[in-house]
Amino acid sequence: LDVMNNGEVAGQVIVLRNITLFHELNEAKTNFIATVSHELKTPISSIKMSARLLTDNRVGALNTEQQELTKSITEDADRLLNITSELLNMSQVETGNIQLKLQPASPAAIVEQAIQAVQFQAQQKNIVLRTNLPLDLPQVQADLEKTSWVMINFLTNAIRYSPDTSFIDIAAYPKDSKVFFTVTDYGKGIDEKYLPRIFDRYFKVPGTHERNGTGLGLAISKEFIEAQGGTIWVKSRIGEGSLFGFDLNTAHHDL
Ligand code: ADP
């Protein structure tokens with residue numbers, strides 16, 4: 001009853017109701033984003049497929065201008081696919097709904113799946129992806145899709161911020177019942193003062209005139225890796241390049 005007579009406390013009750021409403025709206029928004037991004041995937045994929053058929057000369061030879069146009073359609077479709085997959089993953093993260101399919105996975109499979117996804121982008125900039133994977137790497141306990149997604153994100157960024165005609169190094173090595181994965185580029189690097197915020201949602205390094213990024217990729221990557229019990233990190237030096245890495249537990253390490 002004291003509570004009822006106290007204006008301040010009654011005020012707080014109203015605030016709590018608003019918070020509930022806020023959560024409901026937020027959840028509706030998140031579900032909406034999940035549905036829309038999921039629905040967009042299919043038509044965008046088919047645009048990409050059609051453009052790819054044209055590029056591969058399957059329908060007849062294209063002149064230079066037509067080739068340029070179909071290339072740009074493919075690239076833009078790729079960008080849209082990236083954005084939809086980031087939105088979809090972000091909505092999973094926001095609803096605390098990261099569904100992991102943990103199973104023993106080979107580090108080489110994770111790396112190969114990622115390389116396949118970005119090979120085309122790398123070739124466009126004449127970037128060579130070099131791998132350093134010992135043959136006897138132990139399996140990791142991982143969600144193959146989500147971990148490859150993180151690797152693809154590292155590689156897409158590395159390609160984006162590397163100069164034409166350069167190398168990107170991908171490595172994996174075992175240490176203390178974990179496997180460490182790293183992607184090193186020799187591109188523009190990141191100013192030290194921004195490194196603590198690099199895994200924050202929507203964070204983009206100021207002055208990056210990069211129209212393609214959402215600032216979500218690394219935030220989602222961090223959530224995915226930490227949900228699997230791993231850690232994620234970055235080292236970078238402006239003008240020299242960046243190294244992004246994560247580790248995962250080896251399969252059955254606690255048996
Ligand atoms: P985005 O989708 O914008 O790339 P990310 O979360 O993947 O978002 O990255 C956040 C920001 O970190 C980028 O906008 C970019 O400024 C910076 N960044 C990420 N990777 C690299 C890299 N390899 N080299 C330089 N800057 C990078």
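Residues numbered from 1 in each chain as written. Predicted model: local features only at pLDDT ≥ 70, side-chain atom pairs only at ≥ 80, totals over all residues. Heavy atoms only, no water.

Enquirer: It is not clear to me how the overall build of the protein chain should be interpreted in this structure. Could you clarify?
Expert: Across its full length, the protein chain carries six helices and seven strands. Reading the protein chain from its N terminus to its C terminus gives the helix and strand order α-α-α-β-α-β-β-α-β-β-α-β-β. The buried share among the 255 residues of the protein chain stands at 37%. Of the contacts made within the protein chain by residues no fewer than 6 positions apart, 72% connect residues no fewer than 24 positions apart. Counting every atom, the protein chain has about 15,000 Å² of accessible surface; 55% of that belongs to carbon and sulfur. (Helix = DSSP H or I, 4+ residues; strand = E, 2+ residues; numbered from the N terminus. Buried < 20%, exposed > 50% of the residue type's maximum accessible area, 1.4 Å probe, protein only. Contact = heavy atoms within 4.5 Å. Areas by Shrake-Rupley, 256 points an atom, 1.4 Å probe, with all protein chains shown as cover.)

Enquirer: Quick question: what am I supposed to make of the site of the ligand here?
Expert: Around the ligand lies a shell of 22 residues, among which Asn 157, Arg 160, Asp 185, Gly 215 and Leu 218 are the nearest. At 3.0 Å, a backbone N or O of Gly 215 approaches an oxygen atom of the ligand. One nitrogen or oxygen atom from the main chain of Gly 217 is found 3.4 Å from an oxygen atom belonging to the ligand. In isolation the ligand offers 530 Å² of accessible surface; the protein chains occlude 98% of this area. Within the residue set of the shell around the ligand, elements represented by two or more residues are α5 (144–160), α6 (217–227) and β7 (241–249). Counting residues per element, the shell around the ligand draws most heavily on α5, at four residues. When its residues are assigned to classes, the shell around the ligand shows nine nonpolar, nine polar and four charged. (Near = heavy atom within 4 Å. Polar contact = N/O pair within 3.5 Å; in protein donor to acceptor, adjacent residues only side chain to side chain. Nonpolar A, V, L, I, M, F, W, Y, C, P; charged D, E, K, R; others polar.)

Enquirer: Could you clarify how one ought to interpret the pattern of salt bridges in this entry?
Expert: Where charged atoms from two side chains of opposite charge approach closely, those side chains can pair. For the coordinates displayed, the defined rule picks out ten salt bridges. For the salt bridge of Arg 237 with Glu 240, the shortest nitrogen-to-oxygen distance reads 3.8 Å. The pair Arg 237 / Glu 240 is uniform in exposure class, with both members exposed. Here the residues in one salt-bridge network are Glu 94, Arg 201 and Glu 223, joined through shared partners. (Salt bridge = Lys/Arg side-chain N within 4 Å of Asp/Glu carboxyl O.)

Enquirer: Please clarify how the nonpolar core should be interpreted in this entry.
Expert: Soluble, globular proteins show a tendency: their nonpolar side chains are buried together. Among the nonpolar cores identified, the biggest contains 43 residues, and Leu 129, Val 140, Phe 154, Leu 155, Ile 168, Phe 181 and Phe 246 are the most heavily contacted of them. The leading source of residues in this core is α5, at seven residues. Excluding its chain neighbours within four sequence positions, the residues that come into contact with Leu 129 are Ile 115, Val 118, Gln 119, Ala 122, Ile 168 and Ile 170. (Core = buried A, V, L, I, M, F, W, Y, C linked by side-chain atoms within 4.5 Å.)

Enquirer: How should helix α3 (residues 64–94) be read in this particular structure?
Expert: Taking 1.5 Å per residue, 31 residues should reach 45 Å; α3 reaches 45 Å between its end C-alpha atoms and fits that length. Of the residues flanking the end of α3, it is Gly 96, one or two places downstream, whose phi is positive at about 60°. (Expected span 1.5 Å × (residues − 1).)

Enquirer: Could you clarify how one ought to interpret the packing of helix α4 (residues 107–124) against α5 in this entry?
Expert: Helices that pack against each other are described as a pair by the angle of their axes relative to one another and the distance between those axes. Following both chains from N to C, one finds α4 and α5 inclined at 35°, their axes separated by 8 Å at the closest point. α4 and α5 meet at a crossing whose hand is right-handed. On α5, the residues that touch Ala 109, Ile 110, Val 111, Gln 113, Ala 114, Ile 115, Ala 117, Val 118, Gln 121 and Ala 122 of α4 are Leu 144, Glu 145, Thr 147, Ser 148, Met 151, Ile 152, Leu 155, Thr 156 and Ile 159. A per-class count over the contact of α4 with α5 returns 13 nonpolar, five polar and one charged. (Axes fitted to C-alpha atoms, helices over the stretch in contact; angles between N-to-C directions. Left-handed = near helix turned anticlockwise from the far one by under 90°.)

Enquirer: Sorry if this is basic, but what is going on with the packing of α3 against α6 here?
Expert: Here α3 crosses α6 at 45°, and the two axes come no closer than 10 Å. One way to sum up the angle between α3 and α6 is to call them oblique. The chirality of how α3 crosses α6 is left-handed. Contact residues: Glu 86, Asn 89, Met 90 and Val 93 in α3; Gly 217, Ile 220, Glu 223 and Phe 224 in α6. In terms of residue class, the contact of α3 with α6 is built from four nonpolar, two polar and two charged. (Parallel < 35°, antiparallel > 145°, perpendicular 65-115°, else oblique.)

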